[in-house]
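Here's the letter readout for the chains.
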Amino acid sequence: MEQRKNIFPKKHVKIDLWLVAILVLAAFLYGWNIWEAGSANSFYTSAIISMSESWKNFWYASFDPAGFITVDKPPVALWFMVIFVKIFGLHGWSIVISSVLFSLGSVFLIYKMVKPYFGALAARIAALLMTLTPIVVADARTNNMDATLVFFLLLACYVLQKAVSKHNIWLVGLAFALVGVSFNVKMLQAFMILPAMYVFYWIASKENWKRILWGSVVGTIALIVFTLSWPLAVDSVSKQNRPYIGSSSTNSVLNLAFGYNGTQRLLGQTTGTGGTFTGMGNSKKGTKTKAKAKAPNTKKLTNSNKQNKAGGKAPGMTKGTGKTGNNAGGGNSIFNVGTAGVTRLFQTALGQQISWYLPLALVGLIIAYLAAYDTKKKWWQLNRRQEQLIYWAGWLVPVAGFFSVASFFHPYYTIMLAPPIAVLAAVGISSFIESLNTVPSKKNYWLRGIMGVGIITNGALQAFFVWEYSVIAGIVVAVISVIMSIFIIFNYSKVKLFTAVGLLGLLWLPAFWSLTPTISAESAAIPTSGPSLLSGNGQSAGSIGDNSANTKLISYLKKHNGSKVKYLFATTDSNTAAPYIIKTKKAVMTIGGYNGTDNAITLKQFKKLVKKGEIKYFYISSHTNNNAIVRWVKKHGKKISASTYGGNSSSTTPSGMSKKGSRGPQQSAKGGPGGKKNMANFQGKKPKKMGKMGKMVKNKKNKKSNIAGKMSGGMGQQQSSVLYELD
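Below or above, wherever it landed, is the structure these notes cover. Here the structure is a predicted model, which is why all the values come from computation and not from measurement.

### Some remarks on the overall build of the protein
Then step 1. Helix and strand content of the protein: 26 helices and five strands.
Then step 2. Taking all contacts inside the protein whose residues are at least 6 apart in sequence as the whole, residues at least 24 apart take part in 76%.
Then step 3. Carbon and sulfur atoms make up 62% of the accessible area of the protein, which totals about 28,800 Å².

Structure (structure tokens):
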């Protein structure tokens, strides 16, 4: 009997076990201990709660359940977080799981983008380097937007690759549309890869210029439509019928995009009413910047329910002034971005988070380009590998340039550099190994010399990063890199072995740095990594993301608020309000938005709400602007004795959340999540010594413990909390 042919032949999908292993490692680093996340960044957690309660709040990214004011970012990343919370309920892990999954997706996309052009080895190394980039791990464990942003940008670049290879104009449109989606994750930061995408499309498309031009037009239209659809939809609504756009100066999404989240990022930060974060704008060594207005203190460190006992003033700060020094904000300050200039990414402030493979990436770009260069062609006749290298370099150069000169950003934003650094370092290594058999000996000698210099330089940079923690570790990595480089240059017969050993020698320190957020259960509002997370002497990054709330105050307000009351209370800033929204799921009005300096409501409007009975209490929790509303409250409000509602005491964490609350980059020794006490708490036993690597944290003890404490960025000296009853 004749056997029928199968008209649907089975496709044999080959599983790369190395990729599987890398993804498992990434899942561990990104996901382990996220059940200890607490409220992570409570500013965004409050928005997640509010957005989950109504479609209106969901659409506008409302910070509070009453829809009074929005957060300072678009809603797309938060939408995913809300979906997980609606499915699984409000837990520490449910608010960060989308970041974990997007980070895993980024590792996978890097593999998929590299393999077709540079082979499996390059793809595996790139995925591994992305996984073991410390700031990638730290960002993956929070409910900030950065992990989501990087995923969508990588997806856009991947789709554009496919569009070029398939000659499909509609895929070009989709690729640029995804950049528009990315804009609605974190605004203008997404546009930094556009030069790379446009250049790549023009040089890599093997079509006539008219069709390429048409594809560019389609892509640009898609970019504009998906970029502006949400902002214009929001701005077109009457301001009386929607929340105030937080951190904008004109109650406009476009103003937020091109102001606070746009030009201010490059030129210097000012808040909604012209107030500025102190500790910023350190563009030159010794630069001093005056604070135009003081923003409110964002409360104390989380998880310990105690004031930070490390004491001291903000690193780089002078008490009572807005003056900053070279590294304003201190070693682990949320605003410590080093000194602007070509060396900024190689300084410890940013370098310890992102630049562990940067010299190798720069050298890798040169090696891969030279290895792919065909002397029989004109220099402008590019092959596929050279086109891909320009693609990734086009991502790296503008982004690195921005972070080298920009005035207002957090160190964790540098996750934007992780993909091109990982890819260029990986393709450089793989191209070098391939060249040993394919490139003429004379040219190969030059490549070996360049690779040797790259490994030595990278080893020296890593030694510099780790030196303040452990001199021994610095010497070890430097010695390994020098020895391997010498062997690579002069011992041709075993170059592959020495290259592999050299790479491993450059992996162990960033691998340890990447492990620190995981083993310390870090899920911070201001993500960071490093041995200080494991010590009792790390610096406080301030309490952005405090998840503690005064339960006695809540009980008092519930008892004495009338039936007409819409807001549990009003206060100056979002960070004061956030723990109470998380705890009670009730609306708290923040008259000044995130920094306490927005013009979200006028005194006349505020008086009307008080007269209508919608607001009965005003809570001044810390150092704040003495604006018209605050002055009016102090003059006309009835001061409530702190003894009646428990004063400044804080409660346990909000229901449904872990006691392992959110925190800034580092915590104090007494109970801070990075300290020994809390490590013992989540491990259920005394913390074990970590051997030689664990000793790295000791050398920094006396260097930084004296500068821990309150920080700049709207965090002034804390004052006693005061509750006022309004008539």
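### With respect to a positive patch on the surface
Then step 1. There is a patch of like positive charges on the surface, built from Lys14, Lys112, Lys115, Lys162 and Lys166.
Then step 2. Going through the elements one at a time, helix H5 (92–131) and helix H7 (146–166) are the ones with two or more residues in the positive patch.
Then step 3. Tracing the sequence through the fold places lysine 14 in the segment before helix H1 (17–31).
Then step 4. The exposure class of lysine 14 is exposed, given its relative accessible area of 80%.

### Section: the sheet that holds strand E4 (residues 638–640)
Then step 1. What the five strands build is an open sheet, ordered E2-E1-E3-E5-E4; its pairing is mixed. Taken across any chain shown, the strands that pair with only one partner, and hence form the sheet edges, are strand E2 (589–590) and E4.
Then step 2. With two bridges joining them, strand E1 (residues 570–571) and strand E3 (residues 617–620) adopt parallel strand pairing. Paired with threonine 571 across the two strands is tyrosine 619, which belongs to E3.

### Focus: helix H9 (residues 194–204)
Then step 1. Looking at H9, one finds that the buried residues are Leu194, Ala196, Met197, Phe200, Tyr201 and Ala204. The buried residues of H9 occupy one face: seen down the axis, they fall within an arc of 160°.
Then step 2. Looking at the packing, one finds that the buried side of H9 touches H7, helix H8 (169–186), helix H10 (209–235) and helix H14 (384–405).

### Digging into the packing of helix H4 (residues 76–88) against H5
Then step 1. Relative to each other, H4 and H5 sit at 130°, their axes nearing to 8 Å. In terms of orientation, H4 lies oblique with respect to H5. Of the two possible hands of crossing, H4 and H5 adopt the one that is right-handed. Across the interface between the two elements, Phe80, Met81, Phe84, Val85 and Phe88 from H4 touch Trp93, Ser94, Ile95, Ile97, Ser98, Ser99, Leu101 and Phe102 from H5.
Then step 2. Split into classes, the residues belonging to the contact of H4 with H5 amount to ten nonpolar, three polar and no charged.

Definitions and cut-offs
Residues numbered from 1 in each chain as written. Predicted model: local features only at pLDDT ≥ 70, side-chain atom pairs only at ≥ 80, totals over all residues. Heavy atoms only, no water. Helix = DSSP H or I, 4+ residues; strand = E, 2+ residues; numbered from the N terminus. Contact = heavy atoms within 4.5 Å. Areas by Shrake-Rupley, 256 points an atom, 1.4 Å probe, with all protein chains shown as cover. Patch = residues over 30% accessible without salt bridge, like charges linked within 9 Å, V, L, I, M, F, W, Y side chains within 5 Å. Salt bridge = Lys/Arg side-chain N within 4 Å of Asp/Glu carboxyl O. Lys, Arg positive; Asp, Glu negative; His and termini not counted. Charge placed at Lys NZ, Arg CZ, Asp CG, Glu CD. Buried < 20%, exposed > 50% of the residue type's maximum accessible area, 1.4 Å probe, protein only. Pairing = 2+ DSSP bridges. Arc of directions from axis to C-beta. Axes fitted to C-alpha atoms, helices over the stretch in contact; angles between N-to-C directions. Parallel < 35°, antiparallel > 145°, perpendicular 65-115°, else oblique. Left-handed = near helix turned anticlockwise from the far one by under 90°. Nonpolar A, V, L, I, M, F, W, Y, C, P; charged D, E, K, R; others polar.

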